[in-house]
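# Observations on the three-dimensional arrangement
Chain by chain, the residues:
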Amino acid sequence: MRVITYGTFDLFHEGHRRLLERAKALGDYLIVGVTTENYDDSRGKLNVRQSLMDRIRNVQDSGLADEIIIEEYEGQKVQDIQKHGVDIFAIGSDWLGKFDYLNDYCKVIYLDRTKGVSSTQLRNESAGVIRLGVIGSGRIAARFVAEARYVSGVSVEAVYSRRFESAKAFAERLELEWANENVEDLLKHVDAVYVATPHDTHYAYARQAIEAGVHVLCEKPMTLTKAQTTELFELATRHEVVLLEAVKTAFAPGFQRMVAVARSGSIGQVRSVDATFTKIVKSGRELEGPDGGSISELATYPLLAVVKLLGTDFTKVTTRSLKPAGAPVEVFSRIDVDYPHGTASARTGIGVKAEGELIVAGSAGYVYVPAPWWLTEYFETRFEDQSKNKKYYYKFDGDGLRYELAEFAFMIRNRTPESFKLRAAESIAMADIIEQARAGAAIFE
């Protein structure tokens, strides 16, 4: 029986070895496909640290491959299976269902990838794999674990939730190594955590992790006050750990390029930023409690555009919010932010739907980013002379969470305390505006 499997095999560790062992045990001849850098990039795989030759050598040195081939393009698997007379295609179970179409050509088997592999083994054998724990077991946490498979050198191993039963179910469903009954236990066994809990709990979890010497990637908004966000960054500096706010848009290639184009002088001086993010929410935490409402839920995204394009030295925040009679939270807000050299408007809604576009007005032209602008794949620069208009296209892979995780991992490995893609001062400024907007909003019904 001829078996084939594929992978990047970057920073080869015990999890890779066990996958190859299981694949080899399915037959008597194992073919291993190693992906090229260009193919990894095209499929959204980020932070691959070793060259193709080094990764091929990783597989050779394992002694498990009877033959090694190179995977260069999408669709190659169909040809490889036929060309090499393959009987079984084997792949890690985190790709469950993804390759069912190959059943037309051979038998497809999904293999448990790393369950049962100890953290010590992963760390010692991989020379740098970051052991990551997840605090929270909701929808965003599940999407994060799925996206993490596209970031090389990161192993999501554990989860903690306030309800242990939820944590156990999460770990079982997503094949994590363990579920934790308390945060202290989680922090003892990981290098970094992703905080994906309700907004008003972010501060306490992030602080606890930082004080334990664990790096923190915290969902947006990091906190709902300027003081708490400032305190966390100061604490991270003292403990020499990375603290990063998980605003995926900030790290996406298209958004980064849009900011660079707008700030380059190509549209003159930026004078105005108008950004909208709305969605209709029928039920859930967003519509309830002290940390609910459209501002706390969505304002980070438009405010990201504001601070990246106009800076952090704003002078005034004015807010108008729709709070229907009897509703516990506001469901639509317009936040106006004044600067000495310009102005901005951020609109958020969880009970009102509007066009989710971004417009950056300059003294010589403007940038237009269509909805959904926060998943920036395309934007235009437009001018009075329309012959000068230009269109820009960029990839936005998956749910986008891989971009923030890739940056987080890069900062940890390179001991970089701050990312230019989202600086501490910008996160603090966004928290400041959110705090002022929530506290000072003029309410209408």
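Residues numbered from 1 in each chain as written. Predicted model: local features only at pLDDT ≥ 70, side-chain atom pairs only at ≥ 80, totals over all residues. Heavy atoms only, no water.

## Overview of the pairing of strand 18 (residues 378-383)
- With respect to burial, strand 18 is a largely interior element, five of its six residues being buried.
- Where strand 17 (residues 365-369) lies against strand 18, four bridges are found, and the strand directions are antiparallel. Each residue of the ladder has a partner; that of Val 367, found in strand 18, is Thr 381.
- Bridge analysis of strand 18 against strand 19 (residues 390-393) gives four bridges, and the strand direction is antiparallel. Bridged to Tyr 378 within strand 19 is Tyr 393. (Buried < 20%, exposed > 50% of the residue type's maximum accessible area, 1.4 Å probe, protein only. Helix = DSSP H or I, 4+ residues; strand = E, 2+ residues; numbered from the N terminus. Pairing = 2+ DSSP bridges.)

## Side note on the layout of surface pockets
- The calculated volume of the second largest pocket comes to roughly 910 Å³.
- Taken together, 33 residues form the lining of the second largest pocket, with Arg 139, Ile 140, Arg 143, Arg 285 and Glu 297 sitting closest to its centre.
- Contributions of two or more residues to the lining of the second largest pocket are made by helix 6 (139-148), helix 9 (202-211), helix 13 (294-298) and helix 15 (401-413).
- Take the lining of the second largest pocket: its biggest share by element is three residues, from helix 6.
- Split by residue class, the lining of the second largest pocket holds 12 nonpolar, eight polar and 13 charged. (1 Å grid on protein atoms, 1.4 Å probe; cavity = no way out; pocket = protein on both sides within 12 Å on 5 of 7 lines; lining within 4 Å. Points joined across faces, edges and corners; volume = space filled by probe spheres on them. Nonpolar A, V, L, I, M, F, W, Y, C, P; charged D, E, K, R; others polar.)

## Digging into the sheet that holds strand 4 (residues 88-92)
- Strand order in the open sheet formed by five strands is 3-2-1-4-5, with parallel pairing between adjacent strands. A single partner strand is all that each edge strand has here, and the edge strands are strand 3 (67-71) and strand 5 (107-111). Ignoring which end each strand starts from, the neighbouring axes of this sheet average 25° apart.
- With two bridges joining them, strand 1 (residues 2-7) and strand 4 adopt parallel strand pairing. For Val 3, the partnering residue across the bridge sits in strand 4 and is Ile 88.
- Running at roughly 160° to strand 2 (residues 29-35), helix 3 (residues 52-62) makes contact with strand 2 and strand 3 of the sheet. (Axes fitted to C-alpha atoms, helices over the stretch in contact; angles between N-to-C directions. Contact = heavy atoms within 4.5 Å.)

## Some words on the pattern of salt bridges
- On inspection of all chains with the given rule, the structure shows 20 salt bridges.
- Its salt-bridge partner being Glu 231, residue Arg 207 comes within 2.2 Å of it at the nearest N-O pair. Taken together, the residues span a long stretch of sequence, with Arg 207 in helix 9 and Glu 231 in helix 10 (residues 226-239) at a distance of 24 residues.
- In this structure Arg 207 comes out as partly exposed when scored by relative accessible area, which is 25%.
- Overall, Glu 231 belongs to the partly exposed group, its relative accessible area being 27%.
- Residues joined by salt bridges that share partners form a network here, namely Arg 143, Lys 248 and Asp 399. (Salt bridge = Lys/Arg side-chain N within 4 Å of Asp/Glu carboxyl O.)

## What about the confidence of the model for the protein chain?
- A residue-level look at the protein chain finds 97% of positions with pLDDT of 70 or above and a mean pLDDT of 93.
- Note on residues 116-127: pLDDT is under 50 here. Beyond four places in sequence and across chains, it has 30 contacts. (pLDDT = per-residue confidence, 0-100.)

## Observations concerning the environment of Leu 96
- Positionally, Leu 96 belongs in the loop between strand 4 and strand 5.
- Assessed through its relative accessible area of 65%, Leu 96 is described here as exposed.

## With respect to helix 6
- Listing the buried residues of helix 6 in full gives Ala 141, Ala 142, Phe 144, Val 145, Glu 147 and Ala 148.
- Looking at the buried positions of helix 6, the neighbouring elements they touch are strand 6 (130-135), strand 7 (154-160), helix 7 (164-174), strand 9 (192-195), strand 10 (215-219) and helix 15.

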